[in-house]
Amino acid sequence: MQYEPGLSRDDLINLAINQYFGSVDKKDLEATLNCFQDGALLCTQTSFTRHSGKDEIKRMFEDFFASYETIVHKDFTCTVDEANGRITASFVAELVDAEGQTTILNNTNFWRIRDGKFQEVYVYMSGANVLV
């Protein structure tokens, strides 16, 4: 389904990089969830994992935040389809657990935006799925 575009190129980048990943890296659950529509879908394509609706997405982020002491997303390369309200970002995720073990992932996310929030998120992860 196609949604009406509503955000500019800069707004799409801001939503994905600053609002979303900025909130994830701070482990700010409320701000992270505020980026999603109530009926949003988050799929990790490389492990066939689906989280449908804010309740499932919330539980996933609660577990993810509890699993890592430090979460950093960096080195973003964005491709924006302003006319259709879509954005893609390739990036590095650096995760450090309580024992000091570091996990480095090279991921790509694809977002479909509806009314200024994520309706669909598709994640391609280079290693084991950390979003279960």
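Everything numeric in this text was worked out from a predicted model, so none of it was measured. Starting afresh in each chain, residues are numbered from 1 along the sequence in its written order. A pLDDT threshold of at least 70 governs which residues receive local features in this predicted model, and a stricter bar of 80 or more applies before side-chain atom pairs are shown or counted, although totals over entire chains, interfaces and linings include all residues. Side-chain measures here rest on the full set of heavy atoms in the structure, leaving out hydrogens and waters.

Chemist: Explain the packing of aromatic side chains to me, using residue names and the numbers behind them.
Modeler: Planes of paired rings set the category: under 30 degrees apart is stacked, over 60 is edge-to-face and the rest tilted, where pairs are Phe, Tyr or Trp rings (Trp by its six-membered ring) whose centres lie within 6.5 Å. Under the defined criterion, the tally for this structure stands at 16 aromatic pairs. Their ring planes at 40 degrees and their centres at 6.1 Å tell us that F64 and F65 sit as a pair that is tilted. Considered together, F64 and F65 belong to a single accessibility category, that of buried residues. Plain terms: the ring middles of F76 and F91 are 5.8 Å apart, the flat faces sit at 40 degrees to each other, and that makes the pair tilted. Pair noted here: F76 is in strand β3 (residues 70-81) and F91 is in strand β4 (residues 86-96), with a separation of 15 residues, a long-range link. A 1.4 Å probe rolled over the protein chains alone gives each residue an accessible area, and that area as a share of the maximum for its type sets the label: buried under 20%, exposed over 50%, partly exposed in between. The class for F76 is partly exposed, based on a relative accessible area of 26%. An aromatic cluster is built from Y20, F21, F36, F61, F64, F65, Y68, F76, F91, W111 and F118, whose rings are joined through pairwise contacts. Helix numbering and strand numbering both begin at the N terminus, where a helix is a DSSP run of H or I of at least 4 residues and a strand a DSSP run of E of at least 2.

Chemist: With reference to specific residues and values, describe empty space enclosed by the protein.
Modeler: Over the atoms, a rolling probe the size of a water molecule traces out where space has been left empty. Of the two site types, the cavity is a set of points on a 1 Å grid over the protein atoms alone where a 1.4 Å probe fits but cannot get out, and the pocket is an open set with protein on both sides within 12 Å along at least five of seven lines, each lined by residues with an atom within 4 Å of a point. Grid points are joined across faces, edges and corners, and a volume is the space filled by probe spheres set on the points. The tally for this structure, following the rule as stated, stands at 1 cavity of 30 Å³ or more. In this structure, the largest cavity occupies an estimated 120 Å³ of space. Around the largest cavity, the lining is made up of 15 residues, and of these F21, H73, F91, N107 and L131 lie nearest the centre. Among the elements of the structure, α1 (9-25), α3 (54-67), β4 and β5 (102-114) are those that each provide at least two residues to the lining of the largest cavity. In terms of residue class, the lining of the largest cavity is made up of 12 nonpolar, 3 polar and no charged. Side-chain classes are defined by residue name, with Ala, Val, Leu, Ile, Met, Phe, Trp, Tyr, Cys and Pro counting as nonpolar, Asp, Glu, Lys and Arg as charged, and the others, Gly among them, as polar.

Chemist: Describe the nonpolar core, listing the residues and the values that go with them.
Modeler: Counting residues in hydrophobic clusters, the biggest one holds 34 residues, and the most contacted among them are Y20, F36, L42, F61, F64, W111 and F118. Mapped onto this core, the elements with two or more residues apiece are α1, β1 (36-44), α3, β3, β4, β5 and β6 (117-124). Here this core takes 7 residues from α1, the largest share from any one element. By definition, residues are in contact when any of their heavy atoms lie within 4.5 Å. Excluding residues within four positions of it along the chain, L42 makes contact with Y20, F36, T49, R50, H51, I57, M60, F61, V121 and V123. What is meant by a nonpolar core is a set of buried Ala, Val, Leu, Ile, Met, Phe, Trp, Tyr and Cys residues, joined one to another through side-chain atoms within 4.5 Å.

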